[in-house]
Amino acid sequence: EVWEELIDMLSTSFLSIEHLEKDSGFIRLDLRVAHPEDYIDCGHAVYKPSEFDGEYPFDGPYAQYLNRFRDVQLVGRMNIFVRAEDEQTTFVRVHTRYVFGEWVFETGSSHTREIRTGSDPEASRTARTCLPTYRAENWVLESVQGRGNR
């Protein structure tokens, strides 16, 4: 059965089971990851500090920059709904709420906010958008596919 396979898979994953109700087919997971750039896309960043900053240059995903140099953590909550449609087919829906510093968004959406582009409080501001890569959602869905399920 899909439910048992899903619970077994989740119990050995990077996701923590927070709550489950087998009768309603509901699972709530706690999402905390070490590499946010794998799960969210906030664009690219290039940072070239002055020689007096004591910081290192960076060229890569903005989510990785914030995580590594500004200690911004990606946390979230994933809801999974599982329902047998008939003996051959099971319906599975995955919805995730992401919180990455001041960016808060969900599966199918994004969050844009203005950020300073320099250390000076009067520095120019630019819009920065974060959105899911769908790696977490797809990992769950792909794990239950191939068993006659959709």
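Here the structure is a predicted model, which is why all the values come from computation and not from measurement.

(A) Representation of the pattern of salt bridges. Per the stated rule, a full pass over the model turns up 10 salt bridges. Here glutamate 18 makes a salt bridge to arginine 28, at a shortest N to O gap of 3.6 Å. Note that glutamate 18 is positioned in strand β1 (residues 16–21) and arginine 28 in strand β2 (residues 26–33), a separation of 10 residues in sequence. With its nearest N and O atoms 3.1 Å apart, the salt bridge here joins arginine 32 to aspartate 30. Residues participating in the shared-partner salt-bridge network are Glu1, Glu4 and Lys22.

(B) Examining the packing of helix α1 (residues 2–10) against helix α3 (residues 135–144) more closely. Two elements in contact, α1 and α3, have axes whose closest approach is 10 Å; the angle formed by their N-to-C orientations is 135 degrees. Taken together, the axes of α1 and α3 lie oblique to each other. Relative to α3, α1 is oriented so that their crossing is right-handed. Note on element contacts: α3 touches α1 through Trp139, Val140, Ser143 and Val144, opposite Val2, Leu6, Met9 and Leu10. Across the contact of α1 with α3, the residue classes break down as seven nonpolar, one polar and no charged.

(C) Expanded view of the pairing of strand β7 (residues 90–100). Residue alternation in β7 divides its side chains into a buried set, Thr90, Val92, Val94, Thr96, Tyr98 and Phe100, and an unburied set, Phe91, Arg93, His95, Arg97 and Val99. Sheet topology note: the strand β6 (residues 74–84)/β7 ladder contains 11 bridges and is antiparallel. Note that in β7 the partner of valine 75 across the bridge is valine 99. Following β6, the chain reverses through five residues before pairing antiparallel with β7. Relative to strand β8 (residues 103–106), β7 runs antiparallel, the two sharing four bridges. Within the sheet, the bridge partner assigned to arginine 97 lies in β8 and is glutamate 106. In sequence, β7 turns back onto β8 through a hairpin of two residues, with glycine 101 there showing a positive phi of about 60 degrees.

(D) Molecular detail of unusual backbone geometry. The backbone of aspartate 71 shows a phi angle near 55 degrees, a positive value even though the residue is not glycine. With respect to the helices, strands and loops of the structure, aspartate 71 is situated in the loop between α2 (62–70) and β6. One non-glycine residue with positive phi stands out, namely tyrosine 134, at about 70 degrees. Relative to the elements of secondary structure, tyrosine 134 occurs in the loop between β10 (125–132) and α3. Owing to a relative accessible area of 29%, tyrosine 134 belongs among the partly exposed residues under this scheme.

Calculation criteria
- Residues numbered from 1 in each chain as written.
- Predicted model: local features only at pLDDT ≥ 70, side-chain atom pairs only at ≥ 80, totals over all residues.
- Heavy atoms only, no water.
- Salt bridge = Lys/Arg side-chain N within 4 Å of Asp/Glu carboxyl O.
- Helix = DSSP H or I, 4+ residues; strand = E, 2+ residues; numbered from the N terminus.
- Axes fitted to C-alpha atoms, helices over the stretch in contact; angles between N-to-C directions.
- Parallel < 35°, antiparallel > 145°, perpendicular 65-115°, else oblique.
- Left-handed = near helix turned anticlockwise from the far one by under 90°.
- Contact = heavy atoms within 4.5 Å.
- Nonpolar A, V, L, I, M, F, W, Y, C, P; charged D, E, K, R; others polar.
- Buried < 20%, exposed > 50% of the residue type's maximum accessible area, 1.4 Å probe, protein only.
- Pairing = 2+ DSSP bridges.

Limitation: the analysis is restricted to geometry and does not speak to function.
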